[in-house]
Amino acid sequence: MPMPPPPDLAALSLADVARLVEEQRLPPVERWNPAHCGHSDMRIARDGQWYHQGSPIGREAMVRLFSRLLRREADGGFVLVTPVEKLTIDVEDAPFVAVEMKAEGEGDAARLAFRLNTGDLVTAGPDHPLRLAATPEGPRPYLHVRGGLEAVLARPVYYELAERAIESDGGVWSDGAFFALDPA
């Protein structure tokens, strides 16, 4: 059964985004505990590109499928997991990239929705906080996606977010939560 194409964030209201997020049905990877089977020979590069045995995975649907099987382990490692096997995957930074942002409202009534490179939609808020990490290259913004998995914000998305933060005393509101954008 083919996966539906990712939604067009620009054409959606944030109410539509909330409905689509509610409808997302992800496999219960947190409940699957099979034996570890080795390394997957897969890697997610810093820019969000997925690789298998050193070659880029070109099929978007395959990347979307694998991304739904991704889990963060208690030790901080990443695995692809099914009910019968668990394979390690290398992740250079964050496993996802937020490639688009849509904002509605102002102040504490604002809501920020993000589309990830996998087509998934995430609304920043108490369950999906934004954070800014200090790195040697400068501040790096992240959005919590699920189960310890994060998305790094693509540079244009970060600039858009920073513009909002400048207008509201160094942080942004989304879904009733305020996120100070000071590197930690």
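You'll find the structure just up there.
The shown structure was predicted, so the numbers you read here are calculated from the model rather than taken from an experiment.

### So, the packing of aromatic side chains
Link 1 in the chain: In this structure the tally under the stated criterion is three aromatic pairs.
Link 2 in the chain: The ring of Y51 carries the charged tip of R43 above its face, separated from the ring centre by 4.2 Å.

### A word on helix 3 (residues 155-167)
Link 1 in the chain: The terminal C-alpha atoms of helix 3, which comprises 13 residues, lie 19 Å apart, in line with the 18 Å expected from a rise of 1.5 Å per residue.
Link 2 in the chain: Once helix 3 ends, the next one or two residues include D169, with phi positive near 60°.

### A short note on the pairing of strand 8 (residues 111-116)
Link 1 in the chain: Two elements, strand 7 (residues 96-104) and strand 8, share six bridges in a ladder whose sense is antiparallel. Bridging across to strand 8, A103 finds its partner in L112.
Link 2 in the chain: Counted between consecutive antiparallel strands, the loop separating strand 7 from strand 8 contains six residues, among which G105 sits at a positive phi close to 85°.
Link 3 in the chain: With three bridges joining them, strand 8 and strand 9 (residues 121-123) adopt antiparallel strand pairing. Along strand 9, the bridge assignment pairs F114 with V122.
Link 4 in the chain: Between strand 8 and strand 9, which follow one another and run antiparallel, lie four residues, and G119 among them has a positive phi close to 90°.

### Re a negative patch on the surface
Link 1 in the chain: A cluster of acidic residues, E106, E160, E163 and E167, forms a negative patch on the protein surface.
Link 2 in the chain: Checked against the element boundaries, E163 lands in helix 3.

Thresholds applied
Residues numbered from 1 in each chain as written. Predicted model: local features only at pLDDT ≥ 70, side-chain atom pairs only at ≥ 80, totals over all residues. Heavy atoms only, no water. Phe/Tyr/Trp six-rings, centres within 6.5 Å; stacked < 30°, edge-to-face > 60°. Lys NZ or Arg CZ within 6 Å of the ring centre and 35° of its normal. Helix = DSSP H or I, 4+ residues; strand = E, 2+ residues; numbered from the N terminus. Expected span 1.5 Å × (residues − 1). Pairing = 2+ DSSP bridges. Patch = residues over 30% accessible without salt bridge, like charges linked within 9 Å, V, L, I, M, F, W, Y side chains within 5 Å. Areas by Shrake-Rupley, 256 points an atom, 1.4 Å probe, with all protein chains shown as cover. Salt bridge = Lys/Arg side-chain N within 4 Å of Asp/Glu carboxyl O. Lys, Arg positive; Asp, Glu negative; His and termini not counted. Charge placed at Lys NZ, Arg CZ, Asp CG, Glu CD.

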